[in-house]
Amino acid sequence: MTYDIQPTASHFIDGQYVEDKNGTPIPVICPVSEEQVAIVYEATPAIVEQALTAAKRAQGAWEAMTGTERGRVLRRAAEIMRERNYDLSVLETNDTGKPLQETLVADATSAADALEYFGGLAGSLTGEHIQLGDDFVYTRREALGVCVGIGAWNYPTQIAAWKAAPALACGNAMVFKPSEQTPLCALKVAEILHEAGAPAGIYNVIQGMGDVGAALVTDPRVDKVSLTGSVPTGRKVYAAAAEGIRHVTMELGGKSPIVIFDDADLEDAVGGAILGNFYSSGQVCSNGTRVFVQSGIKEAFLKRLSERLKDVKMGDPLDESVNFGPMVSGRQMEIVQGFIAKGIEQGARLVTGGQREGDKGYFLQPTVFADVTDDMVIATDEIFGPVLSVLDFDDEDDVLKRANATDFGLAAGVFTNDLKRAHRMVAGFEAGTTYINTYNLAPVEAPFGGSKLSGVGRENSKAAIEHYSQLKSVYVGMAPVEAPF
Ligand code: NDP
């Protein structure tokens, strides 16, 4: 996997690339060759200041444009993104190690969907009119101001655009900090937005570790923070944002259940479990890593799953026939290996996988454990790698209780051909994003987000508008003012 991916500069501020080599170097390591393929520099305090100043300065005029004008910019950006999908996908593959087969259909295309959707919505954002006799109230839907976006490393292009699109549609400006693991793709989102006509300063990208994120979150000019990351980081960022009573969206981790009943379509259930555990090599927040399988279908499920996993092809992710990539980093690979070791130690049955593949690149085999019990660490903790745990069940009420017995609440899925049971189950799931007879689809038209520790707020869909705008009530008196004295 060789490709020149060194960006023009580390940061994109006020409509242009900006460099400041006084910041700590952040090497970009290729997860396949384990070699350094690019380098960026952490934002210094001067860079953080420059980005926030640009966003604050640019926001008012952007909000003053009509929604249709703002939307046009977003839709043009979506078009450019689609035209460049191949190159953007190659970059994403280099940054994350995800197979090109995936990035071609799930990253820049998903980002383009968000830009197109919110671009279309921008012209129809409104308040309302409330008649009160002769008096009346109208509401103005106003932008929040300067928003900070902070991203995780699994979907760098998508996360950058999922936050940019609704924020900009509503008239906000944004400063976005990608994960230090994957610093490259958000720069392209910024470049394309400005090429499409976004005024300088409306969308800025600066690099850095958590401390840069922390500096952004606590700046008094910031009105809203949207984080995609783990629960421990979410706790810190939420608390820091609370100091300034800032708006937040928290898209955090999960340990989601997939419940497969005896009457489910076996191929669909196996396909759902594969999508919910092995796409992006398991590095997906909404993954259904606790797969509860009813006893009547269990052996057939395990057999068919093992068969289908034989079609996994690892290798150079730029080879379009490769369908399984490495972990994003050596550290993530070690974390996942630690969980696999724990699963074996605690007595889970290793059905397939469990090993590192080769000695170059952070490849781990897709791993399936059976006979997993609720208290095993592999069933309680988010692993963020290709590790599927099969848990047994017989009774519907019992499995629903067990599915909900977690502090996370991001997603949940059920596979059954009993219509009433399917709807009963999703009504009972304590999760923000649920599925019947499918898993892990996240179209921009549908709200996406978590309950319980998995998050606050929703991304995508019209619901996201509520999280990037605020209503101002305007009471209009038409009669003489009646006062007591
Ligand atoms: P982290 O929580 O480690 O980091 C998320 C982002 O927050 C990174 O950009 C990180 O910077 C930054 N950060 C870390 N500490 C702070 C701080 N104190 N203040 C401000 N920013 C900070 O998550 P990962 O990058 O490891 O991503 C994996 C996690 O993300 C998983 O838990 C996964 O479930 C979750 N996730 C959730 C999604 C959702 O939509 N619900 C989608 C995708 C992932 P740096 O990396 O540079 O340290």
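Residues numbered from 1 in each chain as written. Predicted model: local features only at pLDDT ≥ 70, side-chain atom pairs only at ≥ 80, totals over all residues. Heavy atoms only, no water.

**Student:** Go over the pattern of salt bridges, please, and point to the residues and values.
**Tutor:** Within this structure, the stated rule accounts for 28 salt bridges. The shortest N-O distance in the salt bridge between aspartate 107 and lysine 98 comes to 2.8 Å. Among the salt bridges present, the one from lysine 313 reaches aspartate 319, with a minimum N-O distance of 3.8 Å. Using a relative accessible area of 35% as the deciding quantity, one classes lysine 313 as partly exposed. (Salt bridge = Lys/Arg side-chain N within 4 Å of Asp/Glu carboxyl O. Buried < 20%, exposed > 50% of the residue type's maximum accessible area, 1.4 Å probe, protein only.)

**Student:** Mind laying out the nonpolar core, listing which residues take part and the relevant values?
**Tutor:** What tends to happen in soluble globular proteins is that the nonpolar side chains get buried as a cluster. In this structure, Met81, Phe118, Leu168, Leu193, Tyr203 and Ile206 are the most contacted members of the largest nonpolar core, which totals 79 residues. When sequence neighbours within four positions are dropped, the list of residues in contact with isoleucine 206 reads His11, Ile13, Ala43, Ile47, Val48, Ala51, Val175, Phe176, Lys177, Pro178, Val212 and Leu216. The next biggest cluster of nonpolar side chains, apart from the first, holds 29 residues, and it includes Met333, Ala379, Leu391 and Val426. (Core = buried A, V, L, I, M, F, W, Y, C linked by side-chain atoms within 4.5 Å. Contact = heavy atoms within 4.5 Å.)

**Student:** Lay out the pairing of strand β16 (residues 387-393) in plain terms, naming residues and giving numbers.
**Tutor:** Residues in a regular strand point their side chains to alternate faces of the sheet. Within β16, six of the seven residues are buried, which leaves it mostly tucked inside the rest of the structure. Of the pairings in the sheet, the one linking strand β13 (residues 290-294) to β16 comprises five bridges and is parallel in character. Residue pairing across strands places valine 293 opposite aspartate 392, the latter belonging to β16. Bridge count between strand β15 (residues 367-370) and β16: three bridges; the pairing is parallel. Across the sheet, the residue bridging to threonine 367 is valine 387, located in β16. (Helix = DSSP H or I, 4+ residues; strand = E, 2+ residues; numbered from the N terminus. Pairing = 2+ DSSP bridges.)

**Student:** Provide a residue-level description of empty space enclosed by the protein, including the pertinent values.
**Tutor:** One pass over the full model with this rule turns up two cavities of 30 Å³ or more. Approximately 60 Å³ is the volume found for the largest cavity. Together, 16 residues line the largest cavity, and Pro257, Ala403, Phe408, Ala411 and Glu430 are the ones closest to its centre. Elements with a minimum of two residues in the lining of the largest cavity: α14 (396-404) and β17 (411-415). Residue composition of the lining of the largest cavity, grouped by class: eight nonpolar, four polar and four charged. (1 Å grid on protein atoms, 1.4 Å probe; cavity = no way out; pocket = protein on both sides within 12 Å on 5 of 7 lines; lining within 4 Å. Points joined across faces, edges and corners; volume = space filled by probe spheres on them. Nonpolar A, V, L, I, M, F, W, Y, C, P; charged D, E, K, R; others polar.)

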